[in-house]
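An overview of the molecular structure
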Amino acid sequence: MKTRITELFGIQHPIIQGGMHYVGLAELAAAVSNAGGLGIITGLTQKTPELLAREIARCREMTDKPFGVNLTFLPTVSSPDYPGYIKAIIEGGVKAVETAGNNPQKWMPLLKEHGIKVIHKCTSVRHALKAEAIGCDAVSVDGFECGGHPGEDDVPNFILLPRAAEELKIPFVASGGMADGRSLVAALALGAEGMNMGTRFIATKEAPVHEKVKQAIVAASELDTRLVMRPLRNTERVLNNAAVERLLEKEKSLGANLRFEDIIEEVAGVYPRIMQSGDMDAGAWSCGMVAGLIHDVPSCQALIDRIMGEADQLIRQRLAGMAG
Ligand SMILES: Cc1cc2nc3c(=O)[nH]c(=O)nc-3n(C[C@H](O)[C@H](O)[C@H](O)COP(=O)(O)O)c2cc1C
């Protein structure tokens, strides 16, 4: 399939694997890229720029296809070594960066100077327009359904994507709630040039996470996610578990007095314990409502082939037949 996104990134299929903390390691990024999509290494999961450089080199050993790096700009006071991470990306010859979180404007000249394509992930049309204005090549439009941080506007993709299409000149991919060929065709119909998936890619053979994480996603329904940290205006969609219930209870009882310190135990530093050790109640971990559409753990190749096959059939048979 050819879209503005496949052209932009030099990939075969318009499918991107979004950056995911402690999931987006070289194994997953390489598997997605080898299957014709765009795999993404999560920059900040690597504790130092040197470790990111090593992860990029490891990915390059596993694929000769294009892959990218996610850089999440955190709203924290003690900032990670972003110049160091960007240096590792440039020196590693990576030509695609997925930015997320705070506005990446400060880093755009350096990235552009090195011919790096930037796709910014955002949850509103106004942020997408800002990304376009500062020179991003594309945006990933993340609807309210998404796993991770859906923002505070709560606009689902059936509205958000066509609104983005009304306003944007740069290409965008649909993100949040995407799982299969139906998602892809719907995203294209709503004006997107492809799709970005997070949760769906965790439940794949190559995702370097504990088997219990994959099985939790397969077992979950669309009713099993919760929104946490709303009172802190740092909303995150997570899979419900004992820690999340404890966290929500604290949010309820403390109300407007809630501070980050009150919930630190449920959210800080929990990813390695969940993703690597399979300690499923260790804390809150991002997961999309799309878990309800995930019923198996295929390889990335089988998943992407299936999506493209379904999309082709939907377009050529179901939709063409209806139009006829
Ligand atoms: C476990 C997990 C961790 C994530 N970590 C990050 C991250 O570190 N940076 C980021 O920009 N997005 C992160 N995301 C968001 C994904 O990149 C993607 O935008 C989102 O999962 C799309 O929604 P979906 O899960 O419905 O496909 C994460 C998502 C999940 C499920």
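Residues numbered from 1 in each chain as written. Predicted model: local features only at pLDDT ≥ 70, side-chain atom pairs only at ≥ 80, totals over all residues.

Some points on the overall build of the protein chain
Check the secondary structure of the protein chain and you find 14 helices and ten strands. Its C-alpha atoms give the protein chain principal-axis dimensions of roughly 55 × 45 × 40 Å. The contacts in the protein chain between residues at least 6 apart in sequence include a share of 63% that link residues at least 24 apart. (Helix = DSSP H or I, 4+ residues; strand = E, 2+ residues; numbered from the N terminus. Contact = placed C-beta atoms within 7 Å.)

Points about the site of the ligand
The environment of the ligand is made up of 29 residues, and the closest members are G18, A100, G147, G198 and G288. Partitioning the shell around the ligand into residue classes produces nine nonpolar, 16 polar and four charged. Two domains each provide a minimum of three residues to the shell around the ligand, namely domain 1 (4–208 + 298–323) and domain 2 (211–289). (Near = placed C-beta within 6 Å. Nonpolar A, V, L, I, M, F, W, Y, C, P; charged D, E, K, R; others polar. Domains from an automatic or database assignment.)

A short note on the pairing of strand β5 (residues 117–122)
Within β5, six of the six residues are buried, which leaves the element mostly enclosed by the surrounding structure. Of the two faces of β5, both are covered, the one formed by K117, I119 and K121 as well as the one formed by V118, H120 and C122. Two strands pair when backbone bridges link them, and strand β4 (residues 96–101) and β5 are joined in this way by four bridges, in the parallel orientation. Across the sheet, T99 pairs through a bridge with H120, a residue of β5. In terms of handedness, the path from β4 via helix α5 (residues 108–113) over to β5 forms a crossover that is right-handed. As defined by bridge partners, β5 adjoins strand β6 (residues 138–142) across four bridges and the pair is classed as parallel. Paired with H120 across the two strands is V139, which belongs to β6. Handedness of the β5-helix α6 (residues 125–133)-β6 crossover: right-handed. (Buried ≥ 20, exposed ≤ 12 C-beta atoms within 10 Å, placed from the backbone. Pairing = 2+ DSSP bridges. Right-handed = clockwise from strand over helix to strand, strands pointing away.)

Description of the domain arrangement of the protein chain
Along its sequence, the protein chain is organised into domain 1 (4–208 + 298–323) and domain 2 (211–289). Across the contact, 18 residues belong to domain 1 and 16 residues belong to domain 2. For the side of domain 1 that touches domain 2, the per-class residue count stands at seven nonpolar, nine polar and two charged.

Notes on helix α10 (residues 211–219)
Along α10, the residues that are buried comprise V213, A216 and I217. Looking straight down α10, one finds its buried side chains confined to an arc of 95°; they lie on one side. Exposed residues on α10 whose side chains face more than 90 degrees from its buried face are E211 and V218. (Arc of directions from axis to C-beta.)

What about the environment of G143?
Relative to the helices and strands, G143 resides in the loop between β6 and α7 (157–167). Under the C-beta neighbour-count criterion, G143 is labelled buried, with 25 such atoms within 10 Å. For G143 and P104, which are 39 residues apart along the polypeptide, the C-alpha to C-alpha distance reads 20 Å. Look past the residues within four positions of G143 in its chain and what remains in contact with it is V155, P156, N157, L160, G176 and G177.

Things to note about unusual backbone geometry
One non-glycine residue, Y22, adopts positive backbone phi at about 60°. Take Y22: it is sitting in the loop between β1 (15–17) and α2 (26–34).

Details of the packing of helix α3 (residues 49–62) against helix α4 (residues 82–91)
Where α3 meets α4, the closest approach of the two axes is 8 Å, and the angle between their N-to-C directions is 25°. Compared by their axis directions, α3 and α4 come out roughly parallel. At the point where α3 passes α4, the crossing takes the right-handed sense. Between α3 and α4, the residues in contact are P49, L52, A53 and I56 and G84, Y85, K87, A88 and E91, respectively. When its residues are assigned to classes, the contact of α3 with α4 shows six nonpolar, one polar and two charged. (Axes fitted to C-alpha atoms, helices over the stretch in contact; angles between N-to-C directions. Parallel < 35°, antiparallel > 145°, perpendicular 65-115°, else oblique. Left-handed = near helix turned anticlockwise from the far one by under 90°.)

What to know about the sheet that holds β4
With parallel pairing, eight strands are arranged side by side in an open sheet as β1-β8-β7-β6-β5-β4-β3-β2. Each edge of the open sheet is held by one strand with a lone partner, namely β1 and β2 (39–42). Geometrically, the sheet is characterised by an average inter-axis angle of 30° between neighbouring strands, direction not taken into account. Relative to strand β7 (residues 172–175), β6 is paired through four bridges, and the arrangement is parallel. The residue of β7 that forms the bridge with D142 is S175. In the packing of α2 onto the sheet, the strands contacted are β1, β2 and β3 (67–73), and the crossing angle to β2 comes to about 165°.

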